[in-house]
Amino acid sequence: MTPPTHDKQRMKGSLTLSILERLADAPRVAADLLDCFLTDYHSSYRMLRGLPTHRLTKAQWRTEREQTERQAFYNLISKLHRDGLVERMGTQNSSALWKLLPSGLKRLAGLKRRQKTALPSSVYETSPTPQWTIVTFDIPEREKRKRVWLRHALKGLQFTQLQKSVWIGKSKIPRDFLEDLQRLRMLSYIEMLAITKTGSLKQIN
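The paragraphs below set out a description of the structure included in this document. Here the structure is a predicted model, which means the values were calculated and not measured. (Residues numbered from 1 in each chain as written. Predicted model: local features only at pLDDT ≥ 70, side-chain atom pairs only at ≥ 80, totals over all residues. Heavy atoms only, no water.)

This part is about the overall build of the protein. Counting its secondary structure elements, the protein contains 6 helices and 8 strands. Along the protein, from the amino end to the carboxyl end, the secondary structure elements read α-β-α-α-β-β-α-β-α-β-β-α-β-β. Split into buried and exposed, the 205 residues of the protein put 37% on the buried side. In the protein, once contacts between residues fewer than 6 apart in sequence are set aside, the share between residues at least 24 apart is 66%. Carbon together with sulfur atoms contributes 49% to the accessible area of the protein, which is approximately 12800 Å² in total. (Helix = DSSP H or I, 4+ residues; strand = E, 2+ residues; numbered from the N terminus. Buried < 20%, exposed > 50% of the residue type's maximum accessible area, 1.4 Å probe, protein only. Contact = heavy atoms within 4.5 Å. Areas by Shrake-Rupley, 256 points an atom, 1.4 Å probe, with all protein chains shown as cover.)

Right, let's get into the sheet that holds strand E2 (residues 86-92). Pairing is antiparallel across the open sheet formed by 3 strands, whose spatial order is E1-E3-E2. Strands with a single pairing partner mark the edges of an open sheet, and in this sheet they are strand E1 (28-29) and E2. Note: E2 against strand E3 (residues 95-100), 6 bridges, orientation antiparallel. Looking at E3, one finds that Thr91 is bridged to Ala96. (Pairing = 2+ DSSP bridges.)

The final tally for this structure, using the stated rule, is 4 salt bridges. Put simply, Asp83 and Lys79 hold a salt bridge, and the shortest N to O gap is 2.7 Å. Given a relative accessible area of 31%, Lys79 falls into the partly exposed group. A salt bridge links Glu141 to Arg147; the shortest N-O distance between them is 3.1 Å. Assessed through its relative accessible area of 55%, Glu141 is described here as exposed. (Salt bridge = Lys/Arg side-chain N within 4 Å of Asp/Glu carboxyl O.)

Quick look at the structure:
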């Protein structure tokens, strides 16, 4: 399953922010930026998707993954250059040396402002469980963005919508999902109930 488009956009924004932040300190060579990019790439993208791993050996998959990540880095640097945010100063130790332009500083400030109000990724690791879990919620209209995010997250966790604000599934509720709900101050709007073997409902904390 490919992550929702808004998650891809958020990931791209996070990686752009990471590169611009490093260039704001001082010009850097592409090799250093690549190392930082690959580290942030994995932390930003919780589940690597899109590669046909079932048709590749482990070694082939690792090689293709590395090529994909490197190409993503060079594509992003090229876009930042085309947008007039960064400039190539020459080479250092056989690697391109890049610096941040004033327009890049402006973009960096905007990305930092957006990051303060950004929602987390709606992609979580799924783990099947034999018992059913029911999730109900009543989120105020002023929190509409969070409600849309929650629906994307539940859908990604293989939950099915029974009614407008009632979802059911046989997936374990991930701990990082609960932590994100707590950080977003959404827990007071949500009820999570597990159906036990006896048929009774048990609240999930």
